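Fold and geometry: a report
Here is what each chain is made of, one letter per residue.
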Amino acid sequence: MLIERVIGGQEALRNSWKWQVSLQIAEAYYPEYFSHICGGTLISPNWVMTAAHCIQMPIQANYQVVLGEHNLFELDGTEYSVGVDKIFIHEDWNPADIGNGNDIALLHLSIPAYDNGFVDIGMLPSEGDILPNNYPCYITGWGLTSVGGSIPARLQEAMLPVVDHAICSQNNWWGSHAKENMVCAGGDGVKSGCSGDSGGPLQCYRDGHWQIHGIVSFGIVPYCNAYQKPTVFTRVSAYINWIYNTMKNNGEY
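Conventions adopted
- Residues numbered from 1 in each chain as written.
- Predicted model: local features only at pLDDT ≥ 70, side-chain atom pairs only at ≥ 80, totals over all residues.
- Heavy atoms only, no water.
- Patch = residues over 30% accessible without salt bridge, like charges linked within 9 Å, V, L, I, M, F, W, Y side chains within 5 Å.
- Areas by Shrake-Rupley, 256 points an atom, 1.4 Å probe, with all protein chains shown as cover.
- Salt bridge = Lys/Arg side-chain N within 4 Å of Asp/Glu carboxyl O.
- Helix = DSSP H or I, 4+ residues; strand = E, 2+ residues; numbered from the N terminus.
- Buried < 20%, exposed > 50% of the residue type's maximum accessible area, 1.4 Å probe, protein only.
- Contact = heavy atoms within 4.5 Å.
- Polar contact = N/O pair within 3.5 Å; in protein donor to acceptor, adjacent residues only side chain to side chain.
- Core = buried A, V, L, I, M, F, W, Y, C linked by side-chain atoms within 4.5 Å.

Quick look at a nonpolar patch on the surface now. Judged by side-chain polarity, Tyr29, Tyr30 and Tyr33 come together as a nonpolar surface patch covering roughly 480 Å² of accessible area. Mapped onto the elements, Tyr30 comes out in the loop between strand S2 (20-26) and strand S3 (34-44).

Written out as structure tokens, the structure is:
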């Protein structure tokens, strides 16, 4: 298993996924320089949702999120960065067993994000909402676009149809690694997430608007786009209470 980036997709339309953020960490020897490690989703002006496995232990590292980003290596004029001042990892997350689920973390921003025309808040699904098999959703991220390649400069997207739990948990798919608190999507052997997409959103158009149904969690090593090994996401609708309680108990929404 591994962290994820988009394979088999294409460049996203500039600033079309306005809730997507780049989670970045300061370099150890050059603390003023930050590098992309994961994706994330802005879910309120003060909070970003990402994967627990994106947070390095111990969590004293210096993180920032970049909003309104498209090209990681150029100044687009649409992006801005905000520091992270508090990190909350799900209490049942086990870094030694990513396949056990609960791969979710919330980042509290040091100052509220603002809408500059290129930034928006991702809408969460209803608690317990389960997507039907083959439902079309999109993964986005700055992850690897080929096995052994380098990260792309520009945000990528790929349509991944949902694989329902009854199929994804079969032995020739993900078997017991696929839990009910996860969403599987893809598995055609062509399109998938891959290293670096981790923590980013699986967004699905439902009930008249885009909703964030998944957080990129894991895939297959080393070939991210393996047949019948879809990208696996933390199922956001299984953690709605945890998300809102964490935000409510630790500052502003």
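From this point, the discussion proceeds with the structure in view.
One non-glycine residue with positive phi stands out, namely Asp207, at about 55°. Note that Asp207 resides in the loop between strand S11 (201-206) and strand S12 (209-218). Looking at Asp207, the relative accessible area reads 64%, which means it is exposed.

With that settled, consider the environment of Pro230. Tracing the backbone through its elements, the reader meets Pro230 in the loop between S12 and strand S13 (231-235). Contact partners of Pro230, with chain neighbours within four places excluded, come to Val163, Cys168, Trp173, Trp174, Cys184, Ala185, Gly186 and Gly187.

Right, let's talk about the environment of Asn15 for a bit. Residue position: Asn15 is located in the loop between strand S1 (10-11) and S2. A sequence separation of 63 residues divides Asn15 from Thr78, and the C-alpha atoms of the two residues are 8.3 Å apart. When near neighbours in sequence (up to four residues on either side) are disregarded, Asn15 contacts Gly68, Glu69, His70, Thr78 and Phe118. In terms of polar contacts, Asn15 uses its side chain to reach the backbone carbonyl oxygen of Gly68, at 3.2 Å.

Looking at soluble globular proteins, one finds that nonpolar side chains tend to be buried together. Of all hydrophobic cores here, the largest spans 43 residues; its most connected members are Leu23, Met49, Val65, Leu67 and Ile243. Only S2, S3, strand S4 (47-50), strand S5 (63-67), strand S6 (80-89), strand S7 (105-109), S12 and helix H2 (240-249) provide two or more residues apiece to this core. When residues of this core are assigned to their parent elements, the largest contribution, five residues, is made by S6. Apart from the residues within four sequence positions on either side, Leu67 is in contact with Val21, Leu42, Thr78, Glu79, Tyr80, Val82, Ala113 and Val119. If you look at the next biggest cluster of nonpolar residues, it comprises 13 residues, including Tyr135, Leu160, Val183 and Phe233.

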